[in-house]
Amino acid sequence: RTVTGVQTCALPISRRDFPVELAFEPHQLCNAACFCCPYTWLSKETNYTTQRMSREGIQGLINAFADNARRLHGYDGRLTIYPFRFSDPLLCRDLDVVLKCAAQNRVHVVITTNGIGLSGHNVELLEEYRPWVTKLSVSLIGSTADEVRELMGLDFDRVMKNIENIKLRHPQ
């Protein structure tokens, strides 16, 4: 087959009748002010950052997601949730509910954060549910403290200190 002058071949794509990944926003909050992120300007809108899911809503969503795959479709493979889109999940007051419910349903969790909230109680939660937090990424815009401050409005040194503390706790 040719599409606009490019030779292609038809490859069979396996597709399930149900989702195995779910991205959602338990809250609409971030502690950065990235020049390229919609939260930077959306957060200035009235009531935008006050919108959040209830604890029951979070539980219901994760339970229904897992139940659909496991019970209704007999799927025993990997299910994954992304409890963020643009917000920072480590600012979520209900992160404990997200992680506990995911673990109870054998659902993996992928977290991307700017690293500011990667300390204290959040680290304890991540350690408690470590088998289910299968990916933790720290996303920064810039490669120097000045660039990160200018492009994100964050303290680069604080982020690096949080990362170093994680490395000390988990040297492997």
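Structural data are supplied above this passage.
Description of the structure in this document. (Residues numbered from 1 in each chain as written. Predicted model: local features only at pLDDT ≥ 70, side-chain atom pairs only at ≥ 80, totals over all residues. Heavy atoms only, no water.)

Thoughts on the overall build of the chain
When its secondary structure is counted, the chain shows six helices and six strands. Listing every helix and strand of the chain by position from the N terminus yields β-β-β-α-α-β-α-β-α-β-α-α. Principal-axis analysis of the C-alpha atoms gives the chain an extent of 50 × 50 × 45 Å. For the chain, with 172 residues in total, the buried portion stands at 35%. (Helix = DSSP H or I, 4+ residues; strand = E, 2+ residues; numbered from the N terminus. Buried < 20%, exposed > 50% of the residue type's maximum accessible area, 1.4 Å probe, protein only.)

So, the pairing of strand β5 (residues 107-113)
For β5, the tally of buried residues reaches six of seven residues, placing the bulk of the element in the interior. Here strand β4 (residues 79-82) runs beside β5; their pairing, made up of three bridges, is parallel. Note that in β5 the partner of T80 across the bridge is H108. What joins β4 to β5 is helix α3 (residues 95-104), and the crossover it makes is right-handed. As paired elements, β5 and strand β6 (residues 133-138) share five bridges and run parallel to each other. Pairing of V109 across the sheet is with V133, part of β6. The β-α-β motif built from β5, the intervening helix α4 (residues 120-128) and the parallel element β6 has right-handed crossover chirality. (Pairing = 2+ DSSP bridges. Right-handed = clockwise from strand over helix to strand, strands pointing away.)

Things to note about the side chain of N122
Within the secondary structure, N122 is located in helix α4. For N122, a relative accessible area of 12% gives the class buried. For N122, the side chain forms a polar contact with the main-chain oxygen of L90, separated by 2.9 Å. With residues up to four places along the chain from it excluded, the contact list for N122 reads L90, L95 and G117. (Polar contact = N/O pair within 3.5 Å; in protein donor to acceptor, adjacent residues only side chain to side chain. Contact = heavy atoms within 4.5 Å.)

Quick notes on the packing of α3 against α4
Helix packing geometry: the angle between the two helix axes and the distance between the axes. Orientation of α3 relative to α4, taken along the N-to-C sense of each, is 5 degrees, at an axis distance of 10 Å. Taken together, the axes of α3 and α4 are roughly parallel relative to one another. Every residue of α4 that contacts α3 at L95, D96 and L99 is listed here: N122, L125 and L126. Along the lines of polarity and charge, the residues of the contact of α3 with α4 split into four nonpolar, one polar and one charged. (Axes fitted to C-alpha atoms, helices over the stretch in contact; angles between N-to-C directions. Parallel < 35°, antiparallel > 145°, perpendicular 65-115°, else oblique. Nonpolar A, V, L, I, M, F, W, Y, C, P; charged D, E, K, R; others polar.)

What to know about the pattern of salt bridges
Counting across every chain of the model gives eight salt bridges. Salt-bridge contacts for D67 lead to R71; the nearest nitrogen and oxygen are separated by 3.0 Å. Taken together, the residues D67 and R71, both in helix α2 (residues 55-72) and four residues apart, mark about one turn of the helix. On the accessibility criterion, D67 (31% relative accessible area) is partly exposed. The salt bridge partner of R149 is D146, with a shortest N-O separation of 3.5 Å. One end of the pair is R149 and the other is D146, both in helix α5 (residues 145-152) and three residues apart, which spans about a single turn. (Salt bridge = Lys/Arg side-chain N within 4 Å of Asp/Glu carboxyl O.)

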